[in-house]
Amino acid sequence: MNNIDEIQNTVIVTTKQMQDIEKQMFTQGMPVASLMEKAALLCSQKINQDYPLNQYLTVGIIIGNGHNGGDGLVIARELFFKGYQIKVYTPFAEKSKDLTAQHLQYAKFLTLNFVNNIDELKYCNLIIDCLFGFGLNRVIDNFLYDNILRVNSWQKPLISIDLPSGIDTDTGEVLGVVIKATKTLCLGLWKLGLFQSSVTEYTGKIEIIDIGIPHNLIEETINKSNPITLMSKKKVKEILPLPRTINTHKYHQGNLLLICGSCQYAGAALLSGYGAKSSGVGMVTLAVPESLKLTIINHFPFALVVGLSEIKDLDCLSLNNYDVIAFGMGISKNNLLLTDKFIEKLLTINTTLIIDADGFNYLLNKNFMDILSNRKSPTILTPHEGEFKRLFPDLDLTKNRFMALQKAAKRTNSTILLKGEKTMISHQGKNTWIIKEGTPALARGGSGDVLSGFIGGLVAQRNLTQYPIEEVVATAAWLHQQGAILAAKKHTQMGVDGVILAKYINKAISEIINH
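Rules of the game
- Residues numbered from 1 in each chain as written.
- Predicted model: local features only at pLDDT ≥ 70, side-chain atom pairs only at ≥ 80, totals over all residues.
- Heavy atoms only, no water.
- Helix = DSSP H or I, 4+ residues; strand = E, 2+ residues; numbered from the N terminus.
- Expected span 1.5 Å × (residues − 1).
- Buried < 20%, exposed > 50% of the residue type's maximum accessible area, 1.4 Å probe, protein only.
- 1 Å grid on protein atoms, 1.4 Å probe; cavity = no way out; pocket = protein on both sides within 12 Å on 5 of 7 lines; lining within 4 Å.
- Points joined across faces, edges and corners; volume = space filled by probe spheres on them.
- Nonpolar A, V, L, I, M, F, W, Y, C, P; charged D, E, K, R; others polar.
- Pairing = 2+ DSSP bridges.
- Phe/Tyr/Trp six-rings, centres within 6.5 Å; stacked < 30°, edge-to-face > 60°.
- Lys NZ or Arg CZ within 6 Å of the ring centre and 35° of its normal.
- Core = buried A, V, L, I, M, F, W, Y, C linked by side-chain atoms within 4.5 Å.
- Contact = heavy atoms within 4.5 Å.
- Axes fitted to C-alpha atoms, helices over the stretch in contact; angles between N-to-C directions.

J.: Can you help me understand helix α4 (residues 67-81) in this one?
T.: Note on helix geometry: an α-helix contains 3.6 residues per turn, so any two residues three or four positions apart are oriented the same way. End to end, α4 covers 21 Å across 15 residues, agreeing with the expected 21 Å (1.5 Å per residue, within 8%). With respect to burial, α4 is a largely interior element, twelve of its 15 residues being buried. Residues N68, G69, G70, D71, G72, L73, V74, I75, A76, R77, E78 and L79 constitute the buried set of α4. Phi turns positive, to about 110°, at G83, one or two residues after α4.

J.: Before we go on, may I ask you to explain empty space enclosed by the protein in this structure?
T.: Regions of empty space are outlined by a rolling probe, equal in size to a water molecule, passed over the atoms. Enumeration over the complete set of coordinates arrives at four cavities of 30 Å³ or more. I259, C260, G261, A287, V288, P289, L308, L314, I331, N335, L337 and L338 are the residues that line the largest cavity. Sorting elements by how many residues they give to the lining of the largest cavity places strand β12 (residues 283-289) first, with three residues. Taken together, the residues of the lining of the largest cavity break down into ten nonpolar, two polar and no charged.

J.: Where do I start with the pairing of strand β14 (residues 324-327) in this structure?
T.: For a regular strand, side chains alternate in direction, first toward one face of the sheet and then toward the other. On β14, burial covers both faces: V324 and A326 on one face and I325 and F327 on the other are all buried. Relative to β14, strand β11 (residues 255-259) is paired through four bridges, and the arrangement is parallel. Across the sheet, the residue bridging to L256 is V324, located in β14. Pairing analysis gives four bridges linking β14 to strand β15 (residues 352-355), with the strands arranged parallel. Paired with F327 across the strands is I355, a residue of β15.

J.: Which parts of the structure should I look at to understand the packing of aromatic side chains?
T.: For any pair of aromatic rings, geometry is given as the distance between the ring centres together with the angle between the planes. Following the criterion strictly, the structure yields nine aromatic pairs and no others. Ring geometry for Y51 against Y56: centres 5.1 Å apart, planes inclined by 80°, an arrangement best described as edge-to-face. Comparing Y51 with Y56, the two get one shared label, buried. Through successive ring pairs, a cluster of aromatic residues spans Y274, F300 and F302. Note that K108 overlies the ring of F114, its terminal NZ or CZ placed 5.7 Å from the centroid. For K507, the ring lying beneath its charged end belongs to Y504, and the centroid distance is 5.3 Å.

J.: What am I meant to see in the nonpolar core here?
T.: Core analysis: the biggest nonpolar cluster contains 63 residues, and L258, L286, I296, I455 and L479 have the highest contact counts within it. For this core, the elements supplying multiple residues, two or more each, are α9 (233-239), β11, α10 (266-279), β12, β14, α18 (447-460), α19 (469-491) and α20 (498-514). In terms of residue count, the dominant contributor to this core is α19 (twelve residues). Once you skip the residues sitting within four places of it in the chain, L286 turns out to touch L258, C260, A269, G273, I296, F300, A303, L304, V305 and V306. Residues L163, L337, Y362 and L405 belong to the second largest nonpolar core, which totals 56 residues.

J.: Explain the sheet that holds β11 here, please?
T.: By way of backbone hydrogen bonds, the strands of a sheet pair with one another, either parallel or antiparallel. A sheet is described by the order of its strands in space; here twelve strands give the open sequence β8-β1-β10-β19-β18-β17-β16-β15-β14-β11-β12-β13, paired in mixed fashion. A strand with exactly one partner marks an edge of an open sheet, and here the two such strands are β8 (190-191) and β13 (304-308). Pairing of strand β16 (residues 379-381) with strand β17 (residues 415-418), which is carried by two bridges, proceeds in the parallel orientation. Looking at the pairing, I380 lines up with T415 of β17. Sheet strands touched by helix α2 (residues 15-27): β1 (11-13) and β8. Its angle to β1, the strand with the most contacts, is close to 100°.

Below, the structure is given as structure tokens:
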């Protein structure tokens, strides 16, 4: 990484990494008080901008006894100076750390309104949660548990500073109970727990507050371990294979084979074809049951279509001729053409292989998972959570989605794209990319088929081989999400089917290119 803004906006850290970075900052002379002032001042400016005084006159602030509480007291002070009517609830005032206690004393000197009961915040226009910061590792119980439930029941606009109180910073585990925020202002660097699927309903919209952490400290810290990176618009624009050279040709733009479809799931073949089309790949071959051949040709006159009626037809596919093979979209669980011999051949060829959907059912036969783990050529798996659980029954996504994904990618020596509201991509358990943006518009049959075809088309394009394969896969996933987001704006979240999605992926690409 060499761009400071990109580092600040895309690096995701664990609790230990953030603690190490802060420790180095303090060792190098940054006073803790100065960092607190800076972070809180930036938060108060953001809150003033997003929640103007004329609409949110009264603000209730819940203050803990640690440094997150100190941040909250500085925010309270600054909003007070701007004219907001502030009410402060401090359930652990007598146990405050020294710096927080100093801000508490000053807040009382300014005659801020301190209340003794959480219910006195009920009629505030806005609530700010500064109860616990990163690093919380104990279960919230007793009266505080009841307090948080009451706050959540008010359904007020609620901002959490750094992350909602009650979330494990790394795993996203709910520690008894969690503040349900409408917005989270994450301080300095993204915290891993914010991207675990278990916390989606609690974080609201998440935004980063850049507090000026020296980028060399960030790089030194993340280079000691496997980096976790947020996919960004800038990174996508860098990787997209455009513009093309004037003397290019179709095979230089990639040769992709899709083994897909069945009489039962003809639509999956069509949708994976639409996804491949959106990628701009030079050549596409669809291997489908003979009964689907004419239908596929009618939709894809630019593609080669191989109708399969016998096992010998699969032997004629010349699998080594393709840059990428995507296998499994709608092939059904009991396809008589797909013998164990063919699956073993598919897993041992010297070609990049993408496996999706029903393809996972065939992996679970015999020793195919072992063969997969020993492949020399790149392998990309694209499971949703249910498929992941079938492939890796010993890995629990509910406790730590990120850690389970890393272990699976390392075990299988592959790149795994785990679909979900926050899509994650891990390459051999080393480098991990996360897609921050998501939309329920993708919760519809066929969206995964489009994604598999689109990934195959991008990965097949040879001018992308300069980039690590997981970056190209993450680029495809980001554009897939953005296409759905754009489509939902036009067609609503309920109106985005696979055909519309494929078209709007191209609109997402167009927006990247032209801006």
